[in-house]
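# Structural characterization, general
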Amino acid sequence: MAKSVETIAEARNELVIYQNPLLFLKVWELQRNNVHIGDWHYHKEVELLAILQGDLDVYTKNTALTLHDGDVFILGSSQLHRSDRSTAPLRYVVLQVNLAQYLDQSTLPFLHGFSELTNPLDDLNYIFSNYPDARREAHHLILHIFEEMQGKRRGYEMAIAIAVKSLMLLLVRNDKQGLLKGSEDIEIIRLKPVLNYVDAHIGEKITVHDVCSLLNLSYHYFVKYFKKVMGVTFVDYVNFKRIKMAECMLLTQDLSIVEVGCSVGIPNVAQFYKMFKRYNPCSPKEFRSRLREGSGEASYP
């Protein structure tokens with residue numbers, strides 16, 4: 001049942017504490033038996049709600065609706081929202097996940113859509129409203145992620161990563177409106193020499209001039225073309241690749257922070273820390289020490 005959208009007061013920027021530094025997500029179950037009025041807030045993580053029992057009123061900047069048993073709802077990155085308990089008792093699972101950390105070679109064609117450069121992921125809620133099978137599958141995957149995080153059986157990290165990718169695939173295959181329309185294969189193939197060059201020279205200085213000649217394109221045309229196909233600028237793509245490699249090196253090699261930065265092409269320590277914190281809620285040193293101190297239950301301040 002639709003409801004009127006209320007005036008938004010000053011919103012809170014919520015810091016999401018990841019339950020595992022390798023998975024970049026938080027998932028938990030909420031149970032409410034009395035009146036609760038949530039405040040307006042936002043966070044960079046995408047949020048998915050799966051209702052187990054009762055009704056939940058959800059408000060965003062542009063919409064207001066009531067979710068019922070079995071419903072699923074998605075909120076895009078940095079989207080203002082709040083929720084109220086509509087009936088008692090109420091049980092639901094909340095999944096907050098940084099989807100940017102799950103973007104890799106297999107998702108390159110859909111980088112633009114999942115980066116929310118054109119449309120917020122909120123627009124995909126029509127999938128759950130119009131396609132019951134998709135809604136049930138999404139509900140199942142969210143609960144599966146919650147159960148895996150609770151149980152922490154051997155390999156649960158793999159199971160959760162697979163489930164997150166499955167949620168992304170579900171959205172892609174059921175997006176009949178084409179909001180997540182991927183780049184054409186021929187466009188990705190055309191950029192392949194550039195992507196290969198970045199991988200091969202990640203530890204070196206890489207400039208637009210270095211790669212646009214690989215495709216015989218002018219500087220300005222290449223810049224526009226790359227962003228059109230990939231959904232991000234060339235510089236942002238290179239930085240993303242550098243930090244992903246740095247994360248891997250921090251976890252698997254006994255190198256100093258300076259050595260890791262140099263190995264991924266960011267020799268300036270201050271710049272490396274700044275760039276690393278753009279993609280992670282911690283410094284490189286904290287990223288390594290918190291993981292090694294525990295069994296994956298690290299949390300960030």
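Residues numbered from 1 in each chain as written. Predicted model: local features only at pLDDT ≥ 70, side-chain atom pairs only at ≥ 80, totals over all residues. Heavy atoms only, no water.

## Concerning the overall build of the protein chain
For the protein chain, the count of helices and strands is 11 helices and 9 strands. Across the 301 residues in the protein chain, those meeting the buried criterion constitute 48%. When contacts within the protein chain are restricted to residue pairs at least 6 apart in sequence, long-range pairs at least 24 apart make up 73% of them. In the structure as shown, the protein chain presents an accessible area of about 14,900 Å², 53% of it carried by carbon and sulfur atoms. (Helix = DSSP H or I, 4+ residues; strand = E, 2+ residues; numbered from the N terminus. Buried < 20%, exposed > 50% of the residue type's maximum accessible area, 1.4 Å probe, protein only. Contact = heavy atoms within 4.5 Å. Areas by Shrake-Rupley, 256 points an atom, 1.4 Å probe, with all protein chains shown as cover.)

## A few points about the environment of glutamine 19
Mapped onto the fold, glutamine 19 is located in the loop between strand S1 (12-13) and strand S2 (25-32). Distance from glutamine 19 to methionine 149, taken between C-alpha atoms, is 8.4 Å for residues 130 residues apart in sequence. Side-chain polar atoms of glutamine 19 contact the backbone nitrogen of valine 27, separated by 2.8 Å. (Polar contact = N/O pair within 3.5 Å; in protein donor to acceptor, adjacent residues only side chain to side chain.)

## Overview of empty space enclosed by the protein
Applying the stated criterion to the full structure yields 1 cavity of 30 Å³ or more. The volume enclosed by the largest cavity comes to roughly 60 Å³. Lining the largest cavity we find Val46, Leu48, Ile74, Val97, Leu99, Phe114, Val164, Leu167, Met168 and Leu171. Broken down by class, the residue content of the lining of the largest cavity amounts to 10 nonpolar, no polar and no charged. (1 Å grid on protein atoms, 1.4 Å probe; cavity = no way out; pocket = protein on both sides within 12 Å on 5 of 7 lines; lining within 4 Å. Points joined across faces, edges and corners; volume = space filled by probe spheres on them. Nonpolar A, V, L, I, M, F, W, Y, C, P; charged D, E, K, R; others polar.)

## Details of the sheet that holds strand S4 (residues 46-53)
If you walk across this open sheet you meet the 4 strands as S2-S9-S4-S7, and the pairing is antiparallel. Each edge of the open sheet is held by one strand with a lone partner, namely S2 and strand S7 (72-75). When the angles between neighbouring strand axes are averaged without regard to direction, this sheet yields 15°. Relative to strand S9 (residues 90-97), S2 runs antiparallel, the two sharing 8 bridges. From the neighbouring strand, glutamate 29 faces S9, where its bridge partner is valine 93. The sheet contacts of helix H3 (residues 132-151) involve S2, S4, S7 and S9, and relative to S4 the element is tilted by about 95°. (Pairing = 2+ DSSP bridges. Axes fitted to C-alpha atoms, helices over the stretch in contact; angles between N-to-C directions.)

## What to know about the nonpolar core
The tendency in soluble globular proteins is for nonpolar side chains to be buried as a group. Within the largest apolar cluster, 60 residues are counted, with the highest numbers of intra-cluster contacts made by Leu25, Phe222, Met230 and Phe234. If you look at the next biggest cluster of nonpolar residues, it comprises 18 residues, including Met249, Ile266, Phe276 and Phe287. (Core = buried A, V, L, I, M, F, W, Y, C linked by side-chain atoms within 4.5 Å.)

## Quick notes on unusual backbone geometry
Non-glycine residue phenylalanine 24 carries a positive phi angle of around 55°. Mapped onto the fold, phenylalanine 24 is located in the loop between S1 and S2. The exposure class assigned to phenylalanine 24 is buried, which follows from its relative accessible area of 3%.

## A few points about the pairing of strand S6 (residues 64-67)
Summarising the sheet, strand S5 (residues 56-60) and S6 pair through 4 bridges and their orientation is antiparallel. The residue bridging tyrosine 59 from the neighbouring strand is alanine 64, located in S6. In this antiparallel pair of consecutive strands, S5 and S6, the connection spans 3 residues.

## So, the packing of H3 against helix H4 (residues 156-174)
Where H3 meets H4, the axes come as close as 9 Å, and the angle between the chain directions of the two elements is 165°. As summarised for this structure, H3 and H4 are arranged roughly antiparallel, according to the angle between their axes. In the packing of H3 onto H4, the handedness of the crossing is left-handed. Across from Ala134, Glu137, Ala138, Leu141, Ile142, His144, Ile145, Glu148 and Met149 in H3, the residues of H4 making contact are Tyr156, Ala159, Ile160, Ala163, Val164, Ser166, Leu167, Leu170 and Asn174. Counted by class, the contact of H3 with H4 contains 13 nonpolar, 3 polar and 2 charged residues. (Parallel < 35°, antiparallel > 145°, perpendicular 65-115°, else oblique. Left-handed = near helix turned anticlockwise from the far one by under 90°.)

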